Amino acid sequence: MDRPLRVLIVEDSEEDCLLLNDVLARGGYGVTYRRVETAEGVKAALAEGNWDIVISDHRMPQFNSLAALKLCKELASNLPFIVVSGSIGEELAVSAMKAGAHDYIMKDNLARLVPAVTRELREAESRRQRQSAEQALEQWRRRTESILDAAGEGICGLDAQGVINFINPRGAKLVGWEAGELIGKPLHETLHHSREDRTPFLKQDCSLCASLRDGLAHWMDDEVFWRKDGKAVPVEYTCMPIQKDNNIAGAVLTFQDITERKEADNALRESNRRLERSLTELHQTQQQIAEQERLHALGRMAGGVARDFNGTLSKILGFTELILTSPEKLGSPEAVRDHLRMISAAAREGSQVVHRLYEFHRPRRDTEQFKIVDLNTIIERSLLLAEPKWRQEGQTRDTPIEVRREMQPKVLVFADEAELQEVVTNLLSNAVEAMARGGILTVRTSQDENRATLEISDTGEGMTEEVRHRCFEPFFTTKGDCGTGLGLASAYGIIQRHRGEIQVRSEVGKGSTFAIQLPICSGQQKQSSHQGTLAAPKDHPLRVLVVEDEPMVREMEVEYLISDGHVVETAGDGSEGLRKFRASKFDLLLIDRAMPEINGDQLTETIKKINPDMPVILVTGFTERPGNGHGPHRANLILSKPFCHATLRKAVGQVMAAI
Ligand SMILES: Nc1ncnc2c1ncn2[C@@H]1O[C@H](COP(=O)(O)OP(=O)(O)OP(=O)(O)O)[C@@H](O)[C@H]1O
Ligand SMILES: [Mg+2]
């Protein structure tokens, strides 16, 4: 199959042109040609392009091969150009070849034409390929150069000896040199010769040089490069070795100036140090404030205790003095009874203060007897007791209080009923006292799978931030002589012992909400509580032995017991008590704990050894809370002084019901 060939023939003779065409066709080319014979013709043909070769006659009437060659070199430099002439002399042929013609052939030797065309086509093709490869290479070189120029960090090429063979403009600028000046210089000796403190940096310690020895990448961020002007620049650098045929051919170093980062690091470190110092000072100040707060609170509490007891003692002393110093009063049993009633009331008040204060601090004991309590019942009972009072007050003031109930049915907790009742009563009275001009009292109960919640809200005067902050503090009150400031303190203590929480939300002029959360009653607790429910006390006279060294207290206990219909014997100390116990038969012993010689614990222990079933109530000061006796004495119940008639009656009933 013929190879297509597009030939531009510069020739004045059509005949010669056909001859050339014929020779080429015979040589295996499918020829497409155009014949031109002037400079304009050549220009127009070249402008159309797409020629594979130019074959030119040497001499034409208006033109010649050298002029045609010149045009071709200008307009299509890669195009093969062959001169075919019948008369070209050697001299002209040489000058045509010098001017860039690729061959010249005599018309009488056209056998050379086809091989010459084939050869020139091949060479033109290889010239084309080389040119496009060179163009691609040049393009790539320019692109790489612009990337390196634009890079934000210094990039430097090293040969195997650590001599700089390339550095980008950014790198040169960072070290204050012209890029050209650095080429050929050893990097370590030029930029890296000393450490920051200006001591010499030995080559064997240099990580850059190490890369060229060990073939590993090295990274550093605490060294400096030395600028041309003698200043040090802190740098971070990475040196990557270049491997070639299993040898280290050099390395690429990338580096950047980290002056700003170092300054920021130092500033950060300094501000951290300052922050640490401030935190330590803050901590110390907080401790001092906490200590001062604690001392203030203690001082306020001591003041409260002193104020309350002063009040109580003044009343007791005053009325006692009145009786003792006014003979006419002693003569009047009515007046004496009257004063004694006052003294008793004052003492009760004092005892109440002690009880509430004690509730605030008393820790929970493992022996504490809790049972299942429905919060709704407690609230209803407290409302029942308190409501008539405030209804009456409200009516006289014409400022009614509306009670709203938002209660979930049966909210069961495991608790001491009397204590919870005391808490709710305290909260209710505070709420009512805060609504002097009437308002809405809302009681809420609810529960989820872990906790029961009780809330008491009022629309009263609310609390300032300071009052809200201090309201649980013992003796803190804003009610002057009308309040002891112990209601919330004892409520707080009681809720703590129930492993619960009490919180307050309040806003001045809008009202307050006290919220109590308690652990709900587990199934197991429900069972054990059911089994432990106390039986009703037995209701018959008992033979009781009272062992008490203080005559007045003994007399009071005897009076209480006798007025309940019991038969009582007394002993003034432990020995007498033991003697009487051995000599007679008793249903119950009431023993004072703090007695000289044989004390209450020892006596109880001896008695329990003789008769382990003998019921004993041990009477004590308030370091112990009333409850079942444990420890060496094994008393059935411990009763704290001072106690009233009802408390003793309840204790007796409880002990006798339990046996
Ligand atoms: N619901 C409430 N609304 C506004 N202030 C309250 C409320 N409850 C308590 N407070 C504030 O908290 C203080 C302390 O209350 P707390 O019950 O401990 O003592 P008190 O009511 O002053 O006296 P006490 O209860 O001993 O008679 C009150 O004096 C009052 O200022
Ligand atoms: Mg109160």
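If you're wondering where the values come from, they're calculated on a predicted model, not measured in any experiment.

Before going further, it helps to examine the packing of helix α14 (residues 417-434) against helix α16 (residues 487-497). Between two packed helices, what matters for the description is the angle formed by their axes and the separation of those axes. Relative orientation of the contacting elements α14 and α16 amounts to 145°, with a least axis distance of 9 Å. Here the hand of the crossing between α14 and α16 comes out left-handed. Where α14 abuts α16, its residues Glu419, Leu420, Glu422, Val423, Asn426, Leu427 and Asn430 lie against Gly487, Leu488, Ser490, Ala491, Ile494, Ile495 and Arg497. Tallied by class, residues from the contact of α14 with α16 come to seven nonpolar, four polar and three charged.

A word on the site of ligand 1. Within the structure, ligand 1 sits among 21 residues, and Asn430, Thr477, Thr478, Lys479 and Thr484 are positioned closest to it. The backbone of Gly485 places a nitrogen or oxygen atom 3.0 Å from an oxygen atom of ligand 1. The backbone of Gly487 places a nitrogen or oxygen atom 3.4 Å from an oxygen atom of ligand 1. Coverage of ligand 1 by the protein chains reaches 94% of its 590 Å² of free accessible surface. Of all the elements in the fold, those that place two or more residues in the shell around ligand 1 are α14, α16 and β17 (511-519). At three residues, the largest contribution of residues to the shell around ligand 1 is made by α14.

Further remarks concern the packing of aromatic side chains. Following the criterion strictly, the structure yields four aromatic pairs and no others. Ring centres of Phe225 and Tyr237 lie 5.8 Å apart, and the angle between their planes is 15°; on these two criteria the pair is classed as stacked. Of this pair, Phe225 sits in strand β8 (residues 218-226) while Tyr237 sits in strand β9 (residues 232-244), and the two are 12 residues apart along the sequence. A single burial state applies to Phe225 and to Tyr237, both of which are buried. Centre to centre, the rings of Phe472 and Tyr492 are 5.7 Å apart; their planes meet at 45°, and the pair counts as tilted. Pair noted here: Phe472 is in the loop between α15 (465-470) and α16 and Tyr492 is in helix α16, with a separation of 20 residues, a long-range link. Aromatic ring contacts, followed pair by pair, group Phe225, Tyr237 and Phe255 into a single cluster. In this structure, Arg3 packs its charged tip against the face of Tyr29, placed 4.3 Å from the ring centre.

Turning next to the sheet that holds strand β2 (residues 29-36). Taken together, five strands build an open sheet; the order of strands is β2-β1-β3-β4-β5 and the sheet is parallel. In this open sheet, the two strands that pair with only one neighbour each are β2 and β5 (103-106). When strand polarity is set aside, the average angle formed by the axes of neighbouring strands in this sheet is 25°. Where strand β1 (residues 3-10) and β2 come together, eight bridges link them in parallel fashion.

Time to look at α16. Among the 11 residues that make up α16, nine are buried, leaving the element largely enclosed by the rest of the structure. For α16, the set of buried residues is Gly487, Leu488, Ala489, Ser490, Ala491, Gly493, Ile494, Ile495 and Arg497. Tucked inside the fold, the buried residues of α16 contact α12 (333-361), α14, β16 (501-507) and β17. Positive backbone phi, approximately 60°, marks Arg499, located one or two places after α16.

The subject of this paragraph is the nonpolar core. Core analysis: the largest hydrophobic core is formed by 39 residues, its most contacted members being Leu441 and Ile456. In this view, Leu441 contacts Leu383, Trp390, Ile401, Glu402, Val403, Arg404, Leu428, Ala431, Met435, Ile456 and Ser457; residues no more than four positions away in its chain are not counted. Counting residues in each nonpolar core, the second largest holds 23 residues, with Val175, Leu182, Leu208 and Phe225 among its members.

A word on the domain arrangement of the protein chain. Looking at the assigned domains, one finds that the protein chain contains domain 1 (3-130), domain 2 (151-257), domain 3 (263-359), domain 4 (371-528) and domain 5 (543-658). Taking only C-alpha atoms into account, the centre of domain 3 sits 33 Å from that of domain 5.

Our next topic: the sheet that holds strand β18 (residues 543-547). Spatial ordering of the open sheet is given by β19-β18-β20-β21-β22, a layout of five strands whose pairing is parallel. The sheet is open, and its two borders are formed by β19 (567-571) and β22 (637-640), each paired with just one other strand. Strand-to-strand twist in this sheet, taken as the mean axis angle between neighbours without regard to direction, amounts to 20°. Bridge count between strand β20 (residues 588-592) and strand β21 (residues 616-620): four bridges; the pairing is parallel. What sits directly across from Asp592, in β21, is Val619. Where helix α18 (residues 551-563) meets the sheet, its contacts fall on β18, β19, β20 and β21, and the angle it forms with β19 comes to roughly 165°.

What counts and what doesn't
- Residues numbered from 1 in each chain as written.
- Chains lettered and ligands numbered in written order.
- Predicted model: local features only at pLDDT ≥ 70, side-chain atom pairs only at ≥ 80, totals over all residues.
- Heavy atoms only, no water.
- Axes fitted to C-alpha atoms, helices over the stretch in contact; angles between N-to-C directions.
- Helix = DSSP H or I, 4+ residues; strand = E, 2+ residues; numbered from the N terminus.
- Left-handed = near helix turned anticlockwise from the far one by under 90°.
- Contact = heavy atoms within 4.5 Å.
- Nonpolar A, V, L, I, M, F, W, Y, C, P; charged D, E, K, R; others polar.
- Near = heavy atom within 4 Å.
- Polar contact = N/O pair within 3.5 Å; in protein donor to acceptor, adjacent residues only side chain to side chain.
- Areas by Shrake-Rupley, 256 points an atom, 1.4 Å probe, with all protein chains shown as cover.
- Phe/Tyr/Trp six-rings, centres within 6.5 Å; stacked < 30°, edge-to-face > 60°.
- Buried < 20%, exposed > 50% of the residue type's maximum accessible area, 1.4 Å probe, protein only.
- Lys NZ or Arg CZ within 6 Å of the ring centre and 35° of its normal.
- Pairing = 2+ DSSP bridges.
- Core = buried A, V, L, I, M, F, W, Y, C linked by side-chain atoms within 4.5 Å.
- Domains from an automatic or database assignment.

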